[in-house]
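# Descriptive structure summary
The lines below spell out each chain.
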Amino acid sequence: MLLRLTISVFVLLSASFPSTTALNNGLGLVPSMGFNTWYDVFMNPTEDSCLALVDAIKATGLYDAGYHYFNLDDGVFSGRDANGTLVANPSQFPNGIQSLVDRVHAAGMKFGIYTDRGTQTCGGRPGAQGYETIDANFYASIGVDFLKEDSCNASPDEETAFAEYARMRDALNKTGRPIYFNLCGWNTYYAPIGHSLANSWRTGGDDGNWEGILGNVDNAAGIVQYQGPGGFNDLDYLLGKNAQGGVAQTDLQARAQFSLYSVITSPLIISQDLTKISDYSIVTYTNREVIAVNQDPRGAGGIRLVGGDLRPCINGSTCLNVWGKPLVDGSWVITVVNAGSQVVTNFTCGLATNCLTATGWLPTQKLVPRDLWQHQDLPGVQAQQGVVVPSLQALGGSAMFKLTPVW
Ligand code: GLA
């Protein structure tokens, strides 16, 4: 019996983790939280802009709320020296990359860097292909804590991609330094083997605009079962009013994205100009009750409880989704989002409207709802009845509730 059980566990594990070695670096037990330079400075991060951003992360209270990774994206390295070691562009980083790593660490933050599994990065800078060991050792030697590896200028074949990501994973493991590994292959097919390769894996293209955000939310619907402590689906960056390059979102949309990504359990990485961030955005991103949903130790991914794909709603009139997930304390959190172009009034989420079916609660189960944006407990209800959302604005109105069963 014991042997049978052992064999079944082995078969199950090998089916879900086809790769030979696991990442197993002890990181990413909950989704990572931090900042990425892409939708702020794109290909031109500089020492000065990075230091100003680090100051802003501290001054806005984002650091205190848990955003601890400071991640550089593309555009840092201009070439390699005679030994093959990456060289940061001296006109952007006059004091060298080590100096910046030290300043970021001195500010109490963790330092992230970017590479690509191909011959060049998406922006045409040196790629890691064939240099995995040299690069991993270099990252470890300067104190890198997080590595994003992109997928440009590389084979589109899935198995080749898995093998190339595994090469970097193994090179990182061999350094002995725990380095969070974020693979960026823009595809849901990474989800089933994600845990064996990385701490998080991008499941869709660059979110870039409201439609892209909705599309990445839709992608998450079928792959929630693959994530959990140690590895999460990555829906891409949190865009807000100060995202640059024409990708800014309204306050409403940015809050809806944050509410969705929190319940879906994606990493929370803000990417926009934080030196000019609005008070509204700060309130959005520092809502500790919502962050706690994302960071819940159970690590369950959110599931779509009501509605269908949101991407087509970009031109639709009514388009509503409810996503929910169970927390470690037995409560559920739901996020309700209106992506349509009409206001929605008196939407009810309860068993009677087939909204809470996945919870398994009996109709008479008593619940205490808490509004996570109003920071208010609401009067107790039965699961049958559920919560009523009086009004959801068009094009991104959202609401979030924690439903705690009272036994
Ligand atoms: C790709 C990635 C983005 C960003 C750019 C950098 O498009 O998906 O997140 O890293 O490359 O060139």
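Refer to the preceding data block for the structure.
What this report covers is the structure whose coordinates are included nearby. Keep in mind that what you see is a predicted model, and the values were worked out from it rather than measured.

Cut-offs and rules
Residues numbered from 1 in each chain as written. Predicted model: local features only at pLDDT ≥ 70, side-chain atom pairs only at ≥ 80, totals over all residues. Heavy atoms only, no water. Salt bridge = Lys/Arg side-chain N within 4 Å of Asp/Glu carboxyl O. Helix = DSSP H or I, 4+ residues; strand = E, 2+ residues; numbered from the N terminus. Buried < 20%, exposed > 50% of the residue type's maximum accessible area, 1.4 Å probe, protein only. Disulfide = S-S within 2.5 Å. Phe/Tyr/Trp six-rings, centres within 6.5 Å; stacked < 30°, edge-to-face > 60°. Lys NZ or Arg CZ within 6 Å of the ring centre and 35° of its normal. 1 Å grid on protein atoms, 1.4 Å probe; cavity = no way out; pocket = protein on both sides within 12 Å on 5 of 7 lines; lining within 4 Å. Points joined across faces, edges and corners; volume = space filled by probe spheres on them. Nonpolar A, V, L, I, M, F, W, Y, C, P; charged D, E, K, R; others polar.

## Digging into the pattern of salt bridges
One pass over the full model with this rule turns up 16 salt bridges. Taking the shortest distance from any N to any O, the salt bridge between Glu-132 and Arg-167 comes out at 3.4 Å. A residue pair is termed long-range when its members are at least 10 positions apart, and Glu-132 in helix 6 (residues 132–142) and Arg-167 in helix 7 (residues 158–175) qualify at 35 residues. The class of Glu-132 is buried, set by a relative accessible area of 5%. Look at Arg-167 and you get partly exposed, because its relative accessible area is 41%. Where Arg-202 meets Asp-206, a salt bridge forms, and the shortest distance between an N and an O atom there is 2.7 Å. A residue is classified by how much of its surface remains accessible, and Asp-206, at 47% relative accessible area, is partly exposed.

## As for the state of the cysteines
Counted under the stated rule, the structure contains three disulfides. In this model, Cys-313 is linked to Cys-319 through a disulfide, with the two sulfur atoms separated by 1.8 Å. Because the sign of the S-S torsion sets the handedness, a value of about -60° for the bond joining Cys-313 and Cys-319 places this disulfide among the left-handed ones. Note on cysteine connectivity: Cys-349 is disulfide-linked to Cys-355, with sulfurs 1.9 Å apart. On the sign convention where negative is left-handed, the bridge of Cys-349 and Cys-355, at about -85° about the S-S bond, is left-handed. Each of the two residues, Cys-349 as well as Cys-355, counts as buried. Taken N- to C-terminal, the disulfide-bonded cysteines of the chain are connected 1-2, 3-4, 5-6. Residue Cys-50 stays outside any disulfide, its sulfur separated by 19 Å from that of Cys-184, the closest cysteine. Here Cys-184 is not disulfide-linked; the sulfur of Cys-122 is the nearest cysteine sulfur, at 7.0 Å. Given the relative accessible area of 1%, Cys-184 is considered buried.

## With respect to the packing of aromatic side chains
Summed over all chains, the structure comprises 16 aromatic pairs. Judged by centre distance (5.8 Å) and plane angle (20°), the rings of Phe-35 and Phe-70 are stacked. Within this pair, whereas Phe-35 is found in strand 1 (residues 33–36), its partner Phe-70 is found in strand 2 (residues 69–71), the two being separated by 35 residues in sequence. Pair check on accessibility: Phe-35 and Phe-70 agree, each one buried. Ring centres of Phe-258 and Tyr-285 lie 5.5 Å apart, and the angle between their planes is 80°; on these two criteria the pair is classed as edge-to-face. Here the residue Phe-258 occupies a position in helix 10 (residues 251–264), and Tyr-285 occupies one in helix 11 (residues 279–285), the gap between them amounting to 27 residues. Tyr-285 sits in the buried class, given a relative accessible area of 0%. Each member of the aromatic cluster is reached from another via a ring pair, and the members are Phe-162, Tyr-165, Phe-181, Tyr-189 and Tyr-190. For Arg-80, the ring lying beneath its charged end belongs to Tyr-131, and the centroid distance is 3.6 Å. It is Arg-255 that lies over the ring of Trp-373; its NZ or CZ is 4.3 Å from the centre.

## Here we look at the layout of surface pockets
Counted as a void, the largest pocket has a volume near 340 Å³. Those elements giving two or more residues to the lining of the largest pocket turn out to be helix 10, strand 18 (387–392) and strand 19 (397–406). Among the elements that take part in the lining of the largest pocket, strand 18 stands out by supplying five residues, more than any other. Of the residues assigned to the lining of the largest pocket, the class counts are ten nonpolar, six polar and two charged.

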